[in-house]
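Residue strings, one per chain:
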Amino acid sequence: MAGGLYDIAEPGASTVKVACAGRAIGIDLGTTNSLVAFVKDASPQCLADAEGRMLLPSAVRYRADGAPIVGAEALAEAAKYPRDTIVSVKRFMGRGPEDAETTRRFTPYRFVSQSGPVVKFAVAGPREVTPMEVSAEILRTLKARAEAALGGELDGAVITVPAYFDDAQRQATKDAGRIAGLEVLRLLNEPTAAALAYGLDKKSEGIFAVYDLGGGTFDISILKLTGGVFEVKSTGGDTALGGDDFDRALAELLAKKRALTDEVLADPGRRRALLDEARALKHRLTTDVEAGELSRAELEEAVAPILTRTAGPCRRALKDAGITPKELDGVILVGGATRTPAVRQFVKEMFQREPLADIDPDQVVALGAAVQADLLAGAGPREDVLLLDVIPLSLGLEMMGGAVERVIQRNSTIPTGARQTFTTYADNQTGFDLHVVQGERELADQCRSLARFALKGIPPMSAGMARLEVTFMVDADGILAVAAREETTGLESKVVVKPSYGLTDEQIEQMLLDSYEHAEEDMKLRLLTEARVEAQRITGALKGALAVDGALLDAAERAEVDRHVAVLEQAVAGKDHRAIRERTEQLDLATKPFAERRMNQHMQEAIGGKDVGEIEKKVEHAKGTEHHGG
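Residues numbered from 1 in each chain as written. Predicted model: local features only at pLDDT ≥ 70, side-chain atom pairs only at ≥ 80, totals over all residues. Heavy atoms only, no water.

Take the packing of helix H5 (residues 243-257) against helix H8 (residues 296-308) next. At a minimum axis separation of 9 Å, H5 and H8 run at an interaxial angle of 135°. As summarised for this structure, H5 and H8 are arranged oblique, according to the angle between their axes. The chirality of how H5 crosses H8 is right-handed. Side by side, H5 and H8 meet where Asp245, Phe246, Ala249, Leu250, Leu253 and Lys257 of the first sit next to Glu298, Leu299, Ala302, Val303, Ile306 and Leu307 of the second. (Axes fitted to C-alpha atoms, helices over the stretch in contact; angles between N-to-C directions. Helix = DSSP H or I, 4+ residues; strand = E, 2+ residues; numbered from the N terminus. Parallel < 35°, antiparallel > 145°, perpendicular 65-115°, else oblique. Left-handed = near helix turned anticlockwise from the far one by under 90°. Contact = heavy atoms within 4.5 Å.)

Structure representation (structure tokens):
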């Protein structure tokens, strides 16, 4: 009998058999480049293609005949086929055809007009493709690379997204994964993935800032790493800011140096070639102080306004986390744009310390995603690792009058859920129209609309009698589901929020800016709105009661009530919420005798002709059988 070598392990310490180990991968779906990684022998590593290249340029060229070309080959032909070669598609994910991204200078693409809520590119074929379909081609290529390297079908993938991606952008990313034939195990925020790679590889603990400046997006996150728990304390960023903007700034500088006119730059091929040249010069100036027509000093001057835009989110993230730069244990650099010396100097000055960059900033996100995929597939040895991510913006419902009732606050740890009970505003209301919004302003029209749905068929009841229980659930991907249930009837309605894909470039970041800048006036406007709604509800109910039981008041009493109503309505027309509250209270006091007489009259009508002893028995029986829900 032939001899053999066997692995021997202590009880409880045996590892998963290779044949049984999960083949879950981590994918960094980047603006400029994308990568795929896998955990092997408890260590994450990026997978290369047949030529040994790990970075896959996020470029897709569509041909009139034949399958699309993806990667370096597509990028090499971008200047020759500028309208059929889609690059930086991530900046179009979750955006509508009217978005500012479609009208940026140097954008060479043909957009399909009247294409509905989703951006569509007109490419060779002729055909029309969405950003999700373009991204799916990139994901398919990475999937094929992983299957070839691992020798079989995959068990799923963790795909990373910018922390500041909203619901529409996250849904678009999941859609791209499904189109590519991947089981998306989870969407993981890019800064969290980077911290995961650093924390496990370096055995680090403490509070870290992750400064993530990629090709098309910027994120800043403050994370606390303790005993295998990765807790995101705060997050911020801009989904339309990145290395692509450096390229555009340098292209503008080159065009100015060469006196290129708008007529010359109207040619898509010239625009694409100029952008490619600007990107190449940017890369050279990372190591050289001079590169052809440009110097590093000129580059730094050109990109300074772009870098300054990252300062605001950084300061707010620190403030939200309740810490100062000196309390940080480190600053992690993520994204290819952070290789630029100007970026590293900016980060050093911003956070008062040298940033960490000993893990390749291009690879660190994919490596962290692979670690998370390994955990979710159940193949890794790190069962004690826990990720606690957060939601970037508050979620709530529009109330009567337009005010927002926040149900889940921003920077709440996800997955999370919250439940609140609401009631009807008017008598005989037979349904609820629910408007779900996201943002930090006090009024719904100042926030982003996510979804609208209705709960109909409620029996007519007096105002305030119906009880609507609304539940918000945010899953680990940061995607929201809302359910509503009317408690007295058991009627239910629910919706998984899939908002329209149209979103302007700076909207999410602007939401936070506006919430800080307009906090005082927003609160005054909210108080005014709430006071008006309450006053209108009371006067409406009173007028209805007077129409039925007005005879219970004599002429003098009726005149006094009418006077208080007129005074309140005059206050409602004004803008002083305190005056409205005061007049509302005065009307309430003035109508108490009327309310008491109505109650007495209705009680007498209810018990008229009935035996008092029988009524008392029914009341006692009702008390004995009454119970309350938790």
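Moving on from the coordinates now.
Strand pairing in a sheet takes place through backbone hydrogen bonds and is either antiparallel or parallel in direction. Spatially, S20-S19-S23-S24 is the arrangement adopted by the four strands of the open sheet, whose pairing is antiparallel. Of all the strands in the sheet, the pair left with one neighbour each is strand S20 (404-408) and strand S24 (448-456). Direction aside, neighbouring strands of the sheet carry axes that sit 30° apart on average. Where strand S23 (residues 431-438) meets S24, eight bridges bridge the pair, whose relative direction is antiparallel. Directly across from valine 436, in S24, lies its bridge partner alanine 451. (Pairing = 2+ DSSP bridges.)

On to the pattern of salt bridges. If the charged atoms of two oppositely charged side chains come close together, the side chains can form a pair. Taken as a whole and assessed by the stated rule, the structure comprises 35 salt bridges. With its nearest N and O atoms 3.5 Å apart, the salt bridge here joins aspartate 433 to lysine 456. Taken together, the residues span a long stretch of sequence, with aspartate 433 in strand S23 and lysine 456 in strand S24 at a distance of 23 residues. The partner of lysine 592 in a salt bridge is aspartate 588, with the nearest N and O atoms 3.9 Å apart. For lysine 592, a relative accessible area of 41% puts it in the partly exposed group. For aspartate 588, a relative accessible area of 39% translates into the label partly exposed. Connected through shared salt-bridge partners, Arg91, Asp244, Asp245, Asp247, Arg248, Arg279 and Lys282 make up one network. (Salt bridge = Lys/Arg side-chain N within 4 Å of Asp/Glu carboxyl O. Buried < 20%, exposed > 50% of the residue type's maximum accessible area, 1.4 Å probe, protein only.)

This part covers the sheet that holds strand S7 (residues 85-87). Taken in spatial order, the three strands of this open sheet run S6-S5-S7, and their pairing is antiparallel. Each edge of the open sheet carries a strand with a single partner, namely strand S6 (69-70) and S7. Pairing geometry for strand S5 (residues 59-61) and S7, over three bridges, is antiparallel. Looking at the pairing, valine 60 lines up with isoleucine 86 of S7. Packing against the sheet, helix H2 (residues 131-150) makes contact with S5, S6 and S7, and its axis sits at approximately 105° to S5.

One finds Ile25, Ile27, Ile86, Phe121, Val134, Ile138 and Leu139 to be the most contacted residues of the largest nonpolar core, which totals 43 residues. Counting residues per element, this core draws most heavily on H2, at eight residues. Residues in contact with valine 134, not counting those within four places in the same chain, are Val60, Tyr62, Ile86, Val89, Phe121 and Val129. Leu213, Leu285, Ala311 and Met350 belong to the second largest nonpolar core, which has 41 residues in total. (Core = buried A, V, L, I, M, F, W, Y, C linked by side-chain atoms within 4.5 Å.)

The next thing to look at is the pairing of strand S17 (residues 330-334). Counted residue by residue, S17 has five buried out of five residues, so it is predominantly covered. Burial of S17 is two-sided: the residues Gly330, Ile332 and Val334 facing one way and the residues Val331 and Leu333 facing the other way are all buried. Inspection of the sheet shows strand S12 (residues 206-213) paired to S17 by five bridges, in the parallel sense. Following the sheet pairing, aspartate 212 is matched in S17 by valine 334.

In this section: unusual backbone geometry. Here the bond from glycine 125 into proline 126 is cis, since omega is -15°, no more than 30 degrees from zero. Relative to the elements of secondary structure, proline 126 occurs in the loop between strand S8 (121-123) and strand S9 (127-129). With a phi angle near 55°, aspartate 41 is a residue other than glycine that sits in the positive phi range. Mapped onto the fold, aspartate 41 is located in the loop between strand S2 (33-40) and strand S3 (43-46). Classification of aspartate 41 by relative accessible area gives exposed; the value is 71%.

Moving on to the pairing of strand S13 (residues 218-226). Regular strands show a simple pattern: their side chains alternate between the two faces of the sheet. Burial analysis of S13 places seven of its nine residues in the buried class, which makes it a mostly covered element. As paired strands, S12 and S13 are joined by eight bridges and run antiparallel to one another. The residue bridging leucine 213 from the neighbouring strand is phenylalanine 218, located in S13. Linking S12 back to S13 in an antiparallel pair, the connection comprises four residues.

Taken together, the buried positions of helix H10 (residues 341-351) are Ala342, Val343, Phe346, Val347, Met350 and Phe351. Viewed along the axis of H10, the buried residues span an arc of 145°, placing them on a single side of the element. Packed against the buried residues of H10 are S12, S13, H5, H8, helix H9 (311-321) and S17. Looking one or two places after H10, you find glutamine 352, whose phi comes out positive at around 60°. (Arc of directions from axis to C-beta.)

On to the packing of aromatic side chains, then. The final tally for this structure, using the stated rule, is seven aromatic pairs. When the ring of phenylalanine 92 is compared with that of tyrosine 109, the centres are 6.1 Å apart and the planes differ by 75°; the resulting orientation is edge-to-face. In this pair, phenylalanine 92 sits in the loop between S7 and S8 while tyrosine 109 sits in the loop between S7 and S8, placing the two residues 17 residues apart along the sequence. Of the two residues examined, phenylalanine 92 and tyrosine 109, each falls in the buried class. (Phe/Tyr/Trp six-rings, centres within 6.5 Å; stacked < 30°, edge-to-face > 60°.)

Where H2 meets helix H3 (residues 167-179), the closest approach of the two axes is 8 Å, and the angle between their N-to-C directions is 55°. Looking at the two axes, H2 sits oblique to H3. The two elements H2 and H3 meet at a crossing, and its hand is right-handed. In this structure, H2 contributes Met132, Glu133, Ser135, Ala136, Leu139 and Arg140 to the contact, and H3 contributes Ala172, Asp175, Ala176, Gly177 and Ile179. For the contact of H2 with H3, a count of residues per class yields six nonpolar, two polar and three charged. (Nonpolar A, V, L, I, M, F, W, Y, C, P; charged D, E, K, R; others polar.)

As a further point, take the confidence of the model for the protein chain. The predicted model of the protein chain has a mean per-residue pLDDT of 81, with 83% of residues at 70 or higher. Ignoring residues within four places in sequence, the model shows residues 499-509, a span with pLDDT below 50, making 49 contacts including any to other chains. (pLDDT = per-residue confidence, 0-100.)

Mapped onto the elements, glutamate 440 comes out in the loop between S23 and S24. Along the primary structure glutamate 440 and arginine 410 are separated by 30 residues, whereas in three dimensions their C-alpha atoms are 8.3 Å apart.

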